[in-house]
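# A closer look at the structure
Here are the chains, one letter per residue:
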Amino acid sequence: MTTTNDSAVATAAASGASATDRFATDKSPYAAVKDVPKERVDLLAREVLEAVHGTIRKHKVTYDEYNALKAWLIQVGQDGEWPLFLDVWVEHVVEDVATEHRQGNKGTIEGPYYVPNAPDAVDNTIPMRDGESGTPLTWKGTITSVDGTPLPGKVELWHADAEGFYSQFAPGIPEWNLRATFHADDKGNFEIHTIQPAPYQIPTDGSCGKLIAAAGWHAWRPAHLHVKVSAPGHELLTAQLYFPGDPHNNDDIADAVKPELILDPKPSGDGVGIDYSFVLDPE
Ligand code: MBD
Ligand code: FE
């Protein structure tokens, strides 16, 4: 794992703890499991358990394997890696089901590293450190409704730096680095200045990394920009945008790439320019 300096080492347990705290803060209403109707809990819990039982019978799972699973599940909790595990291996299907009715833009998963209420961008530019490394990226686009009406909405943007680290989840990075809220004008136009993120490897030194190593998988996600696009009276769009030619666009560990989400960057000044717009579904 890359480190920024000796006193600021990014560890799975530290970013896992931050992601777990983040979830508890932002999604605290969901702690009320009792609000899910009993019939739904009965149906879903029963079917998931039946699927597990079916796998055990089909593959004659041994006590050694059962105990390895038990030890690993305990470790996922201790590392705070439940948000990472669920968002990498489960969320993409929940997202598909939740958005299948939409006529507007395709979205994809939120992942574990969103922080709400990022400050407004100044001069259409995301906060960066002096000399932030990475190719400059200029992005122009519009927000419209499915009927073509321009929407003066907002784009919340967050992404990793050129080393693959997220502010507030890796040490030694200013709080709101590479996180901001951008506002579209009354014609729905917005403009964003940032830098191109790097491909991202999920932490390999925690329990998710152990699963990946034990199964012989890889830990990579393609480079991506995360967005939440919103406008009054419209469904919130959560998406990620990807860069053509990334070696992991076809084997994202989180299975969150869709063809509609791949950008078409063009040379622009000393960096690249992208033109990517959003169509939102009315509520
Ligand atoms: C990420 O940056 C991410 O977007 C997802 C979905 C999972 C882990 C890290
Ligand atoms: Fe991400």
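What comes next concerns the included structure. Everything numeric here is computed off the predicted structure, so don't read it as measured data.

Conventions we followed
- Residue positions are given per chain, counting from 1 as you read along its sequence in written order.
- Numbering of ligands from 1 and lettering of chains from A proceed in the order in which they are written.
- Two thresholds apply to this predicted model, a pLDDT of at least 70 for residue-level local features and 80 or more for giving and counting side-chain atom pairs, whereas whole-chain, interface and lining totals are computed over all residues.
- Side-chain numbers come from the whole structure's heavy atoms, not from hydrogens or water.
- Runs of E in the DSSP output that reach at least two residues are strands. Runs of H or I that reach at least four are helices, and both are numbered from the N terminus.
- For the radius of gyration, the atoms used are the C-alpha atoms, and the globule rule reads 2.2 Å times the number of residues raised to 0.38.
- Categorising residues by exposure relies on relative accessible area from a 1.4 Å probe, with only protein chains included: less than 20% of the type maximum marks a residue as buried, more than 50% marks it as exposed, and the intermediate range marks it as partly exposed.
- For the purpose of charge, His is not counted, nor are the chain termini; Lys and Arg are scored as positive and Asp and Glu as negative.
- Positions of charges follow a simple convention, taking NZ of Lys, CZ of Arg, CG of Asp or CD of Glu.
- Pairing between two strands is assigned when DSSP locates at least 2 bridges connecting them.
- Here an axis means a line fitted to C-alpha atoms, over the contact stretch when the element is a helix, while the angle between two N-to-C directions is reported on a 0 to 180 degree scale.
- Any two residues whose heavy atoms approach within 4.5 Å at even a single point are treated as in contact.
- Residue polarity follows a fixed list, in which Ala, Val, Leu, Ile, Met, Phe, Trp, Tyr, Cys and Pro are nonpolar, Asp, Glu, Lys and Arg are charged, and the others, Gly among them, are polar.
- Put simply, buried Ala, Val, Leu, Ile, Met, Phe, Trp, Tyr and Cys residues joined by side-chain atoms within 4.5 Å make one nonpolar core.
- Salt bridge criterion: a side-chain nitrogen from Lys or Arg within 4 Å of a carboxyl oxygen from Asp or Glu.
- With water omitted from the atoms examined, metal sites may look incomplete; donors here are N, O and S atoms no farther than 2.8 Å from the metal, or 3.2 Å in the case of Na, K and Ca.
- Nearness of a residue to a molecule or strand requires only that one of the residue's heavy atoms be within 4 Å of it.
- Any pair of N or O atoms that falls within 3.5 Å is considered a polar contact. Within protein, one atom must be able to donate a hydrogen and the other to accept it, and sequence-neighbouring residues count only if both atoms are side-chain atoms.
- Residue exposure ignores everything except the shown protein chains as possible cover, and the areas themselves are Shrake-Rupley values with a 1.4 Å probe.

### A look at the overall build of the protein
- For the protein, the helix and strand inventory stands at six helices and 11 strands.
- Over its C-alpha atoms the protein spans a radius of gyration of 20 Å, differing by no more than 12% from the 19 Å that the globule rule assigns to 283 residues.
- For the protein, the C-alpha atoms occupy an extent of roughly 60 × 50 × 35 Å along the three principal directions.
- Residues counted as buried form 42% of the 283 residues belonging to the protein.
- A gap of 7 Å separates the mean positions of the 22 positive and 42 negative side-chain charges of the protein.

### So, the sheet that holds strand β3 (residues 179-183)
- Taken in spatial order, the four strands make up an open sheet running β3-β2-β7-β8, and their pairing is antiparallel. Each edge of the open sheet is held by one strand with a lone partner, namely β3 and β8 (237-242). Ignoring strand direction, the axes of neighbouring strands in this sheet form an average angle of 25 degrees.
- Summarising the sheet, strand β2 (residues 154-159) and β3 pair through five bridges and their orientation is antiparallel. Counted as the bridge partner of Glu156 is Thr181 from β3.

### Observations concerning the packing of helix α3 (residues 63-78) against helix α6 (residues 207-215)
- Running from N to C, α3 and α6 point in directions that differ by 145 degrees, and their axes come no closer than 8 Å. Listed contacts from α6 to Trp72, Gln75 and Val76 of α3 are Ser207, Lys210 and Leu211.
- Residues that form the contact of α3 with α6 fall into these classes: three nonpolar, two polar and one charged.

### What to know about the nonpolar core
- Grouped together as the largest cluster of nonpolar side chains are 53 residues, with contacts concentrated most on Trp139, Val155, Ile202, Leu225 and Phe278.
- With four residues, β8 is the single largest residue contributor to this core.
- What Phe278 contacts, discounting residues up to four positions off in sequence, is Asn105, Trp139, Thr142, Ile143, Thr144, Val155, Phe190, Val227, Val229, Leu237 and Leu241.

### What about the pattern of salt bridges?
- Taken as a whole and judged by the stated rule, the model has 11 salt bridges.
- For Asp42, the salt bridge identified is with Arg46, shortest N-O distance 3.3 Å. Placement of the pair is Asp42 and Arg46 together in helix α2 (residues 38-59), with a separation of four residues, close to one helical turn.
- Here the salt bridges do not stand alone but share partners, grouping Lys27, Glu110 and Lys228 into one network.

### Quick word on the coordination of the iron ion (ligand 2)
- All of the protein donors around the iron ion (ligand 2) are Tyr166 (OH), His224 (NE2) and His226 (NE2); their distances to the metal are 1.9 to 2.1 Å.
- Between the donor residues of the iron ion (ligand 2), the gaps in sequence give the motif Y-x57-H-x1-H. With a gap of 60 residues between them, Tyr166 in the loop between β2 and β3 and His226 in strand β7 (residues 224-230) connect regions that are remote in the sequence. For the pair Tyr166 and His226, one class covers both residues: buried.

### What about the site of ligand 1?
- In the vicinity of ligand 1, the contacting residues are Leu84, Val88, Ile109, Gly111, Pro112, Tyr113, Tyr166, Tyr200, Ile202, Arg221, His224 and His226.
- At 2.9 Å, a side-chain N or O of Tyr166 approaches an oxygen atom of ligand 1.
- In the complex, the protein chains occlude 99% of the 260 Å² of accessible area that ligand 1 would expose alone.
- Those elements that provide at least two residues to the shell around ligand 1 are α4 (82-89) and β7.
- For the shell around ligand 1, the per-class residue count stands at eight nonpolar, three polar and one charged.

### A word on the environment of Asn177
- For Asn177, the location among the structural elements is in the loop between β2 and β3.
- We classify Asn177 as buried; its relative accessible area is 4%.
- Note: C-alpha distance between Asn177 and Pro247 (70 residues apart in sequence) is 26 Å.
- Excluding anything up to four places from it in sequence, Asn177 contacts Pro127, Met128, Arg129, Glu132 and Ser167.

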